[in-house]
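Each chain, letter by letter, is given below.
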Amino acid sequence: MKTKTLILTTLALLLSACQQQAPTASFDFEKEKEAIKAVIAEETESYYRQDFAAWQSTYLDSPAFRKYAYWEGFPHKVEYYNGFDTLRNQKRKQFEANETLWQGSTEERQNENFRISPDMAWYTFEQYSYEKDTRKLLGVSLETRILEKHQGQWKIAYLGYHYLPDTLIRKP
């Protein structure tokens, strides 16, 4: 009898735990995908507009934020930030000095890949950047974004990109 009671109690606890972990709202993958793409587009557009407040609002303002990037144009080729404070300070100075690169360029994203759960997502893509008027190719980068949802809004928690050397660029 004790064994039967123990088994029933254990099953009741397991069932209760499973019910508590079940999502309470339905998850719409396509809706979340479009929301993530909108955040990435806003981050890019606000960067080129040099709208610091709008740009900053797309990021996770936390010590957990990370940026790991490679570009031949960086003095040391690799740039990385652990925590958002350093990136925020660097971008504020850049915006104030009007030193934003490739202002007015247009970007196209291809070979997109999304992995999305209710509160975290990652998004990888190839980005082709062009001069706005001439459509001259400025660069191609392999991009990664990891996003977290905070208060119902997606925020970039990880910014990663690797610009390809000109010799490796394949035209779209």
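Here the structure is shown first, and the text comes after it.
Reading the values: rules and limits
- Numbering of residues starts from 1 in every chain and runs along the sequence as written.
- For this predicted model, a pLDDT threshold of at least 70 governs which residues receive local features, and a threshold of 80 or more governs which side-chain atom pairs are given and counted, while totals over whole chains, interfaces and linings are taken from all residues.
- Think of the side-chain values as coming from all heavy atoms in the structure, minus any hydrogens and water.
- The helix and strand labels rest on DSSP assignments: H or I over at least four residues marks a helix, E over at least two residues marks a strand, and numbering proceeds from the N terminus.
- Think of a polar contact as two N or O atoms within 3.5 Å of one another; within protein, one of them needs to be a possible hydrogen donor and the other a possible acceptor, and neighboring residues in sequence only count if both atoms come from side chains.
- Site definitions follow a grid-based scheme: protein atoms alone, a 1 Å grid, a 1.4 Å probe that fits but cannot get out for cavities, and for pockets an open set with protein on both sides within 12 Å along at least five of seven lines, plus lining residues having an atom within 4 Å of a point.
- Grid points are joined across faces, edges and corners, and a volume is the space filled by probe spheres set on the points.
- We call Asp, Glu, Lys and Arg charged. Ala, Val, Leu, Ile, Met, Phe, Trp, Tyr, Cys and Pro are nonpolar, and the rest, Gly among them, are polar.
- Burial here depends on accessible area, computed with a 1.4 Å probe over protein chains only, as a share of the maximum for the residue type. Under 20% is buried, over 50% is exposed, and the range in between is partly exposed.
- We call two strands paired when DSSP finds no fewer than two bridges between them.

**Student:** Residues and numbers for the side chain of Lys 67, please.
**Tutor:** Here Lys 67 lies in strand β1 (residues 66-70). A polar atom in the side chain of Lys 67 sits 3.3 Å from the side chain of Tyr 161.

**Student:** Describe the layout of surface pockets, naming the residues involved and giving the relevant values.
**Tutor:** Considered as a void within the structure, the largest pocket measures approximately 510 Å³ in volume. Together, 23 residues line the largest pocket, and Tyr 47, Lys 67, Lys 91, Tyr 161 and Tyr 163 are the ones closest to its centre. Put simply, the parts of the chain that give the lining of the largest pocket at least two residues each are α2 (29-49), α4 (84-96), β5 (137-150) and β6 (153-163). Grouping the amino acids of the lining of the largest pocket by side-chain chemistry returns 12 nonpolar, 4 polar and 7 charged.

**Student:** Any details on the pairing of β6? Residues and values, ideally.
**Tutor:** Counting buried residues in β6 gives 9 out of 11 residues, a clear majority hidden from the surface. Here β1 runs beside β6; their pairing, made up of 5 bridges, is parallel. Looking at the pairing, Arg 66 lines up with Tyr 158 of β6. Direction of pairing for β5 relative to β6: antiparallel, over a ladder of 10 bridges. Following the sheet pairing, Glu 148 is matched in β6 by Lys 155. Linking β5 back to β6 in an antiparallel pair, the connection comprises 2 residues, with Gln 151 at a positive phi of about 50°.

**Student:** Explain the pairing of strand β3 (residues 106-116) to me, using residue names and the numbers behind them.
**Tutor:** Here β3 runs beside strand β4 (residues 120-130); their pairing, made up of 9 bridges, is antiparallel. Each residue of the ladder has a partner; that of Phe 114, found in β4, is Tyr 123. What sits between β3 and β4 in their antiparallel hairpin is a turn of 3 residues.

Don't take any of this as a statement about function, it's just geometry.
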